[in-house]
Amino acid sequence: MWNVCVSRSRTSSKLHSESQQLNPKANQQMNQQNSERAGSMLLISGPSGCGKSTICKQLLLDDDVVFSVSATTRAPRPGEIDGQHYHFLSPEEFRAKISTGDFIEHAEVHGNMYGTLKSPMEEAIADGKVYLVEIDVQGALQLKALEVEGIYVFVAPPDFNVLRERLSGRGTETPEVLERRLKKAEDEYRERERYDHIVVNDSLDRAVAEIRSIAGLPAEASRG
Ligand code: ADP
Ligand code: 5GP
C-alpha cells in the first residue's frame, strides 16, 4: 500500500497536472454564475490534512462566500462558538429538526449527531452567494448520492509524503491516529474521480485561485 504513496511522491508534477474538471455540468453552473452571478454550493472535500480548512479560510475572506455551519449534538470544545463553528443542539432539538425535515443530510459520527441544515444553504444561494461546504469524503459522496446540486471539488495533496509532513506538522494527531488517517487518505484518494474537479494543493495561493475560478469568483476577493 505504501509503495503507492512512494510512487505518487515521485510523480508529484503528474498529480499537479491532474488538476482537472471531470463534470461538464459543473462548467455550465460556472458560466451561469459568470453571466448572472447565480449562487451555488461549493463543496470542498478531501482526505484529512489535504488543506480543506486552510483553503476555506482563504475563500472566506470574500464577502460573497458564506460558510455552511453544521449542527451537532456534541459538546463544544474550548474556544468553539455556537453558530460559528457549529450549531450546538441537544439530542431532542436535533431529533426535532430531523422530523421537520430541516437537514439535507445527517449522520452519527463517534456517537454524536451531525447534520447539514437546509435553509441557510437555500437562503445563501438565493442571495447569489457561494455557499461553502467543507466536508469529509464520506459526507461529500452522500451529498452527491442525494443529487444535491453544486460544484464538488476534491482537494488532493501534491503527494502522500507531503500529506504525512503536513499532518504531522499540524501536531493535532497522535502517531497512531496519524497512521490511521494516512491509510484512510489512500482509500479516499481513489474516490477523486467522482467529483467535478480535482485541485492539487501544492501552493496555497495557486490552489485557492484555481478554486475561485472554478466557483466563478473573480480573481480579486470582494470585501466590504
Ligand atoms: P484539513 O482541513 O484538510 O484536515 P488543514 O487545512 O488543517 O487540512 O491543513 C493541514 C496542515 O497543512 C496545516 O498545518 C496547514 O497549515 C498545512 N497546509 C495546508 N495547505 C498547505 C500548503 N498549500 N502548503 C503548505 N502547508 C499547507
Ligand atoms: P468534529 O466533532 O471533530 O468537529 O467532527 C467529527 C466528524 O463529523 C468529522 O468527520 C466531520 O467531517 C463530521 N461532520 C461535521 N459536520 C458534519 C455534517 O454536517 N454532516 C456529516 N455527515 N458529518 C459532519
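See the structure shown above.
Residues numbered from 1 in each chain as written. Chains lettered and ligands numbered in written order. Predicted model: local features only at pLDDT ≥ 70, side-chain atom pairs only at ≥ 80, totals over all residues. Heavy atoms only, no water.

Caption draft 1: Structural view of the packing of helix α4 (residues 52–59) against helix α10 (residues 204–214). At a minimum axis separation of 10 Å, α4 and α10 run at an interaxial angle of 65°. Where α4 crosses over α10, the handedness of that crossing is right-handed. Counting all contacts with α4, which are made through Thr54, Ile55, Gln58 and Leu59, the residues of α10 involved are Leu204, Ala207, Val208, Ile211 and Arg212. For the contact of α4 with α10, the residue count by class is six nonpolar, two polar and one charged. (Axes fitted to C-alpha atoms, helices over the stretch in contact; angles between N-to-C directions. Helix = DSSP H or I, 4+ residues; strand = E, 2+ residues; numbered from the N terminus. Left-handed = near helix turned anticlockwise from the far one by under 90°. Contact = heavy atoms within 4.5 Å. Nonpolar A, V, L, I, M, F, W, Y, C, P; charged D, E, K, R; others polar.)

Caption draft 2: Examining the site of ligand 1 more closely. In the region of ligand 1, 14 residues are neighbours, and Gly49, Ser53, Thr54, Arg170 and Asn201 sit closest. Residue Lys52 places a main-chain N or O atom 2.9 Å away from an oxygen atom belonging to ligand 1. At 2.8 Å, a side-chain N or O of Ser53 approaches an oxygen atom of ligand 1. Across the complex, the protein chains shield 75% of the 570 Å² of accessible surface that ligand 1 would expose by itself. Taken together, the elements giving at least two residues each to the shell around ligand 1 come down to α4 and α8 (160–170). If you tally residues by element for the shell around ligand 1, the top one is α4, at three residues. (Near = heavy atom within 4 Å. Polar contact = N/O pair within 3.5 Å; in protein donor to acceptor, adjacent residues only side chain to side chain. Areas by Shrake-Rupley, 256 points an atom, 1.4 Å probe, with all protein chains shown as cover.)

Caption draft 3: The arrangement of the packing of aromatic side chains in detail. Following the criterion strictly, the structure yields six aromatic pairs and no others. Put simply, the rings of Phe154, Phe160, Tyr189 and Tyr195 pair up and form one aromatic cluster. Positioned above the aromatic ring of Tyr152 is the side chain of Lys144, whose terminal nitrogen or guanidinium carbon lies 4.4 Å from the ring centre. (Phe/Tyr/Trp six-rings, centres within 6.5 Å; stacked < 30°, edge-to-face > 60°. Lys NZ or Arg CZ within 6 Å of the ring centre and 35° of its normal.)

Caption draft 4: View of the environment of Glu188. Within the secondary structure, Glu188 is located in helix α9 (residues 175–189). With 52 residues separating them along the chain, Glu188 and Asp136 place their C-alpha atoms 9.1 Å apart. What Glu188 contacts, discounting residues up to four positions off in sequence, is Pro47, Ser48, Val137 and Phe154.

Caption draft 5: The site of ligand 2, seen in detail. What surrounds ligand 2 is the set Ser70, Arg74, Arg77, Tyr86, Glu105, Ala107, Val109, Tyr114, Gly115, Thr116 and Asp136. In this structure, an oxygen atom belonging to ligand 2 sits 2.9 Å away from a side-chain N or O atom of Arg77. Side-chain polar atom of Tyr86 to an oxygen atom of ligand 2: 2.5 Å apart, as the coordinates give it. Burial of ligand 2 by the surrounding chains reaches 77%, relative to a free accessible area of 510 Å².

Caption draft 6: Quick look at the pairing of strand β2 (residues 40–45). Within β2, six of the six residues are buried, which leaves it mostly tucked inside the rest of the structure. A two-sided burial pattern is seen for β2, the buried positions comprising Ser40, Leu42 and Ile44 on one face and Met41, Leu43 and Ser45 on the other. In this structure, β2 lies alongside strand β8 (residues 130–134), joined through five bridges in parallel fashion. Bridging across to β8, Ile44 finds its partner in Glu134. In terms of strand pairing, β2 meets strand β9 (residues 151–156) through four bridges, oriented parallel. Looking at β9, one finds that Leu42 is bridged to Ile151. (Buried < 20%, exposed > 50% of the residue type's maximum accessible area, 1.4 Å probe, protein only. Pairing = 2+ DSSP bridges.)

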